[in-house]
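One letter stands for each residue in the lines below.
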Amino acid sequence: MSAVAAAAPRKRARRAGTSPWAYAGITAIVLYCLAPFYWMVVSALRRPADQFSNKAFPWPISLTNFESAFKPANGFGRALLNSLVVAGLTTILTLVIGITAAYVLARLEFRFKNVILAAIIATSMFPGISLLVPLLKLFVSIHWINTFQAMILPSMSFALPLAVFNLTAFFKQMPFALEEAAQIDGASPMQAFRKVILPLAAPGVFTTAILTFIAAWNEFIIALSVTNKQEMRTAPVITSLFTGQYGYDQPFGTQMAAGVVVTIPLVILVLFFQRRIVEGLTSGSVK
């Protein structure tokens, strides 16, 4: 019995520890995910004459591709501002509508509530390309071509189902006693929601906001279809339309430099709010 009792703590210790194979697997996944971004950075830092080199590190390092990307003729600076406006407004409007709808679905009891939630989720399953022709026809008829709303509203339609689904789960896991206690202390239902429930739902709101912003920032096909003026195009669209020195060659290095510039804000955003994202994604998994 003593030998068995002595072996039990060692088994528990081994289970509590992490196997070297787990570290190896994590390392492999990280390298697999970072390899494309690393190669994009390497390609952006090469000289134009070395664009098709297979060296893992660019030498000598050159910023020529970044200078080419920001040439006034390309309109890349204005495109970054357009992307920020579209992604920012899409995120704000999605949160305002999504938080309201999710709170109603989580707290109020009414007929067909589950059917409504299922219908909201089902709308996210439609491929965006299938809606492009009707949207384009509609926007032409109401003179919305080359406008921000023509890019914001379709992005919202794809972001709202995910936002409502995520936030509904957050509000459902919060005990209703919190609002009752706030109302007993004299708070109105709106004050209880704004001062008690919303701060507690911050991880879910942050996660939803970041996911929505990333999706709107990277959106391409709708922005390409509803704009034909350079000053209204977003950064992904402008990057795809870069032309080379002769107008027909592919400006590979310039596009890689623009891709790095477009990606860096997202990387910074995720790193800065990574704790909130983890809390938002794991909240509700454990009571």
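Conventions and cut-offs
- Residues numbered from 1 in each chain as written.
- Predicted model: local features only at pLDDT ≥ 70, side-chain atom pairs only at ≥ 80, totals over all residues.
- Heavy atoms only, no water.
- Core = buried A, V, L, I, M, F, W, Y, C linked by side-chain atoms within 4.5 Å.
- Buried < 20%, exposed > 50% of the residue type's maximum accessible area, 1.4 Å probe, protein only.
- Helix = DSSP H or I, 4+ residues; strand = E, 2+ residues; numbered from the N terminus.
- Contact = heavy atoms within 4.5 Å.
- Expected span 1.5 Å × (residues − 1).
- Bend = angle between axes of the 7 residues up to and from the residue.
- Phe/Tyr/Trp six-rings, centres within 6.5 Å; stacked < 30°, edge-to-face > 60°.
- UniProt positions renumbered as here; feature names shortened; annotations may be inferred.

(A) Quick peek at the nonpolar core. F76, L80, W217, A235, F242 and V262 are the most contacted members of the largest nonpolar core, which has 15 residues in total. Those elements giving two or more residues to this core turn out to be helix 4 (76–107), helix 10 (202–218), helix 12 (235–240) and helix 13 (252–272). Apart from the residues lying within four places of it in its own chain, the contact partners of F76 are A69, F70, A235, I238, T239, F242, A258, V261 and V262. With 13 residues, the next largest nonpolar core counts L95, A106, M174 and A201 among its residues.

(B) Region of the structure containing helix 2 (residues 20–44). The first and last C-alpha atoms of helix 2 sit 35 Å apart over 25 residues, in line with the 36 Å expected at 1.5 Å per residue. Of all the bends in helix 2, the greatest reaches close to 40° and is centred on L34; the proline P36 follows between one and four positions later. Along helix 2, the positions that sit buried rather than exposed are M40, V42, S43 and A44. Where helix 2 is buried, its residues meet helix 3 (64–69) and helix 13.

(C) Representation of unusual backbone geometry within the structure. For the peptide bond that leads from W59 to P60, omega is 0°, which places it in the cis range. Residue placement: P60 occurs in the loop between helix 2 and helix 3. For F112, which is not a glycine, the phi torsion comes out positive at approximately 65°. Note that F112 resides in the loop between helix 4 and helix 5 (113–123). Despite not being glycine, H143 shows a phi value in the positive range, around 60°.

(D) Main features of the packing of aromatic side chains. Counted according to the given criterion, the structure contains seven aromatic pairs. An aromatic cluster of three or more residues is present, and its members are F70, F76 and F242.

(E) The arrangement of the UniProt feature "transmembrane region" (unreviewed entry) in the protein in detail. UniProt's entry tags residues 21–41, 84–106, 115–136, 148–171, 196–217 and 252–273 with the feature "transmembrane region" (unreviewed entry), counted in the numbering of this structure. Here residues 21–41 runs as 100% helix and 0% strand, with 30 Å between its end C-alpha atoms. Structurally, residues 115–136 is divided into 64% helix and 0% strand, and its ends, taken at the C-alpha atoms, are 30 Å apart.

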